[in-house]
Amino acid sequence: MAYKSFILVCAGTGCHSNMGEEIYNELVKAVEAHNISQDVQVVKTGCFGFCEQGPIVKILPEEAFYVKVTPDDAPELVAEHVVKGRQVDRLLYKEPGMEKASNKIDDMGFYQKQFRIVLRNCGFINPEDIDEYIGRNGYQSLGKVLTELSPDDVIEELKKSGLRGRGGAGFPSWMKLSFSKGVTGVDQKYVVCNADEGDPGAYMDRSTLEGDPHSIIEAMAINAYTIGADKGFIYIRAEYPLAIERLEVAMKQARDYGLLGDNILGTDFSFDIEIRLGAGAFVCGEETALISSIEGKRGVPTPRPPFPPVKGLWGKPTCVNNVETLANIPVIIEKGGDWFKKIGTEKTSGTKVFALTGKVNNSGLIEVPMGTTLREIIFDIGGGIKDGKKFKAAQTGGPSGGVITEEHLDTPIDFDNLVALGSMMGSGGLIVMDEDDCIVDVTKFYLDFSVDESCGKCSPCRIGGRKLYDILDKISKGSATAEDVDKIDAIAEAMKKASLCGLGQTTPNPVLSILHYFRDELFSHINEKVCPAGKCKDLVSFSIDAEKCIGCTLCARKCPVNCISGAKRQAHEIDQSQCVKCGECFTVCKFDAVVKA
Amino acid sequence: MAKLNLDDLKKMRDEKRREMNRRDTDKSIEIIIGMGTCGIAAGAKEAFDAFVTAIDASNLDDVMIKQTGCMGFCANEPTVEVRMPEMPDTIYNNVDATIAERIVKEHILEQKMVSEYVFDKPSVDIVDGQ
Ligand SMILES: Cc1cc2nc3c(=O)[nH]c(=O)nc-3n(C[C@H](O)[C@H](O)[C@H](O)COP(=O)(O)O)c2cc1C
Ligand code: SF4
Ligand code: SF4
Ligand code: FES
Ligand code: FES
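Attention in this report is confined to the structure presented alongside it. (Residues numbered from 1 in each chain as written. Chains lettered and ligands numbered in written order. Predicted model: local features only at pLDDT ≥ 70, side-chain atom pairs only at ≥ 80, totals over all residues. Heavy atoms only, no water.)

**Comments concerning the interface of chain A and chain B**
Every contact between the two is made by 40 residues of chain A and, on the other side, 30 residues of chain B. Note on chain A versus chain B: buried area summed over both sides is about 3,100 Å², and carbon and sulfur give 57% of it. Applying the counting rule to chain A against chain B returns zero salt bridges. Run the count over chain A and chain B and you get five residue pairs in polar contact (both at pLDDT 80 or more). Those elements that place two or more of their residues in the side of chain A that touches chain B are strand 1 (5–10), strand 2 (40–45), helix 2 (74–84), helix 4 (130–135), helix 5 (140–148) and helix 10 (241–256) of chain A. Taken together, the residues that form the side of chain A that touches chain B break down as 16 nonpolar, 13 polar and eleven charged. (Contact = heavy atoms within 4.5 Å. Buried area = accessible area lost by both parts, 1.4 Å probe. Salt bridge = Lys/Arg side-chain N within 4 Å of Asp/Glu carboxyl O. Polar contact = N/O pair within 3.5 Å; in protein donor to acceptor, adjacent residues only side chain to side chain. Helix = DSSP H or I, 4+ residues; strand = E, 2+ residues; numbered from the N terminus. Nonpolar A, V, L, I, M, F, W, Y, C, P; charged D, E, K, R; others polar.)

The structure is reproduced here in C-alpha cells:
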C-alpha cells in the first residue's frame, strides 16, 4: 500500500546539528506507536533553505511547515496533525509581522519568488536513498546521453541553454567541455567537481551536496562522457563531513546499480569518481591551485595558459566545474536547452542560489531566476530588514566582490549587471547591511580574509593586500589622510594587473567598491574623524545624557570594565579613560540616555 | 543489487515515481478529506484508501489527496471536498469507498457531478438537470 502522508525532516547541517537526528527518531517512534507506519513515511531530507528557523519538519500533503521543532514536539505532531488532522498552530511558521501562521508553503514570502532547479530535490528526497533520486527522474539524463546523444549533441544542448559557470567567473559551460573534447591523442582526460566553497558565509554547494548528491554524480558522468574522460574527482573541504559522508553513500549506491564503474547502464562507457579532501584554504578553490592540490602538491596557483580544459591534472585535459553548475546539467538534458534558456535574463540564463545573511528577517538559502532584483530578494523573500532598520547596502561576491546600494536595488541580478555595478556574483554569498553597519569595518573584514588567505607566492597579492588592509585600518582609526586614498587606487591597479591568480586580482574590489559608493562615509572617517554608524571604536565615544538618565544603574552593572559610576536615581557618568567602547551601556539603556558619538 | 540497464532504470523510475509524485504538492486537482475524529469514526480512512487506489488505477498524476480536520458537518461524515479547474469547488458527504470511486470516475475523469452526494450545492444549474 502506498504512503498517504509524508513527514519530511530536515537533515541538513543546520538542522542536523540541532537535534535533527533525535527529532527523526522520535517521529518514527510516534508513527510506530500509532501503528501507522504503513501509511506514513518519515523521510530525512536535505536542507529546506530556511535554516534560521530550523529544525524544520514539513508534513505533506498538507504542506504544513513546522519550525524550531524539538524532539519533545514529535509525539504531538504525529498525534495531532497526522492522526487527527489538526495542525499544531504553535509550531507553524509565522511571517514576520503577521499574527497568523501561513498554512501553505506556497503562501510563504520566503518561498514565493523562488524557482528551484539546482535545489529541486533538496528538502524533498532522502539524499541517502538512490531510489528516491531515480523516482524524481534521476539518472534518466545520463541514460539518454549514453544511448541517444553524441558528445557533440550534449555540447549543443548546453550551448542552447546558455549555462554559465556558477563558480564565480561565469564562463560558458559548453565551451569548456568543447575545449577538453577537442584535445585528441591523449590517453586520459578528467572531470573535476569543485566543492571547495571558500567564500565566507557561503554554503550553497555544501547544501546541494548534502541534499542531492546524486545530481552531482550524474552530471559528472555526463560531462565525462562528453569529453571522453573515465575518471573524476570531487575536491571538497574536510570541514564538510556530512556532505562527504552523503557523497560516499551515494557513490556506493551508484556503483551497486551500475551507474558508476565499468560499462555504465550496459553501455561501453566506464567512469568512476574519487573524493579528494582539501584543508580549506581559500586559494585551493582556484582551479589551477585545486589541480596541484589533487596531484598531491601544495595548493598554489600556476599561470594560465595553459588552461586546465586543455592541460590540467597531470598534464591531461581536465574540466573543472562548480557544484551548482553541475546540478543544472541533468535538468538541461532532461528538459532541453531551450527550456533552460527561457529562465533568467538574456545574457545569464537559469537561476542562482544565494546564501542570504546579515540584517534580514529571513536568512537562508534561496534560489531565484537570474534577473530577480535585489529588492525582491531582500524585501519579499528576505522579509525586509531586521528590527525595522534602514537598508544600507548589500555585499555580493564575497572577498572578490563589492557593495550594492539603495539606488541599485532594482537592478536585475546577473553576472554582467553585477560587474557593471563594481561587484560580482561570486559564488553567491549575499550579505545585507543596515544603518548600524560601518562600511569601513565590513571592508576591513574582507581584506583581512584575503590577506590571510593569500598563498604568498606573488608579491602584488602578498604585499599589496597587506598595504590595503593597513590603510583601511588607519581610516578606521581616524589617522588616515586623503593621500592614503590615492594610494589605494595605485595599489589596486598594480594588484589587478600583476597578481598571478584571481585572488590577488580581486582583493582590491571591496575597497574600490566603497570608494565608489560610500565616499562620503569614507571621508567622514578621514576628515571629520567620525564613524557615522558608530562602529569604529577609535572614532566613537559613549557618554551619558544627564537629563535623560534616571539612574536605574543597569548600565553600570553591565559595563564589563566597571567604568560607569553614579548613585541610584542619580545621573550616571562614564569614565572615558577606562571605557573600552564595547557599546554594552548603549544597548542596555532603556531610556536612550547613553549617547553614541 | 544487480547492475541496471536502461530499461531497468526506466522501470524503477516508473515504480518509484508515483510514490514520489504523491509528495509533490504542486497539482491542480485536490481531494480534501475530513479526518477529524468524527470523520474517521464514520469511515474516512476507508474513503481515503479508496481514493488512493482509484487515482493510482486511473494513472492520474495531477491529483493531490490531503486530509484536513473536521469540516463542521459531523452528521454528514465522511465529507470530501474536490477542487479542480473547470469544475466548481464541491463538497461531497457520506463518502464511502464506492462513492469515492465514483467521484474519481465521474467528477474528475468525466467532469460530471455525483449529484446525489453533493453536500454544498454549488449552483442549481450545475447539479441535476445539467
Ligand atoms: C581565489 C579563488 C577562489 C575560488 N574558489 C572557488 C570555489 O570555492 N568554488 C568554485 O567552484 N570555484 C572557485 N573559484 C573559481 C574556479 O577557479 C573555477 O573558475 C570554477 O571552479 C570553474 O567552475 P564553473 O565554470 O562551473 O564555474 C575560485 C577562484 C579563485 C580565483
Ligand atoms: S542604563 Fe541608562 S538610565 Fe540607567 S543608569 Fe545607565 S544611562 Fe542612566
Ligand atoms: S561602552 Fe562598554 S566599557 Fe564603555 S562605558 Fe559603556 S559598557 Fe562600559
Ligand atoms: S539545515 Fe535545515 S533548513 Fe537548512
Ligand atoms: S598567488 Fe594568487 S594572486 Fe598572488
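There's plenty left to go through after this.
**Some remarks on a positive patch on the surface**
All names here are of chain A. On the surface, Arg 557, Lys 558, Lys 568, Arg 569 and Lys 590 cluster together to form a positively charged patch. In this structure, Lys 558 sits in helix 22 (residues 554–558). For Lys 558, a relative accessible area of 44% puts it in the partly exposed group. (Patch = residues over 30% accessible without salt bridge, like charges linked within 9 Å, V, L, I, M, F, W, Y side chains within 5 Å. Areas by Shrake-Rupley, 256 points an atom, 1.4 Å probe, with all protein chains shown as cover. Lys, Arg positive; Asp, Glu negative; His and termini not counted. Charge placed at Lys NZ, Arg CZ, Asp CG, Glu CD. Buried < 20%, exposed > 50% of the residue type's maximum accessible area, 1.4 Å probe, protein only.)

**Quick look at the site of ligand 3**
Close contacts around ligand 3 come from 14 residues, with Cys 559, Cys 579, Cys 582, Gly 583 and Cys 585 of chain A the closest. Tallied by class, the residues present in the shell around ligand 3 amount to eleven nonpolar, one polar and two charged. (Near = heavy atom within 4 Å.)

**As for the sheet that holds strand 10 (residues 364–369) of chain A**
Residue and element names in this part refer to chain A. Across the sheet, which stays open at both edges, the five strands sit in the order 10-9-13-11-12 with mixed pairing between neighbours. In the strand order of this sheet, the two ends are held by strand 10 and strand 12 (402–405), each with one partner. Averaged over all pairs of adjacent strands, the angle between their axes in this sheet comes to 30°, without regard to strand direction. In this sheet, strand 10 lies alongside strand 9 (residues 351–358) in antiparallel orientation, the contact comprising six bridges. Looking at the pairing, Val 353 lines up with Glu 367 of strand 10. (Pairing = 2+ DSSP bridges. Axes fitted to C-alpha atoms, helices over the stretch in contact; angles between N-to-C directions.)

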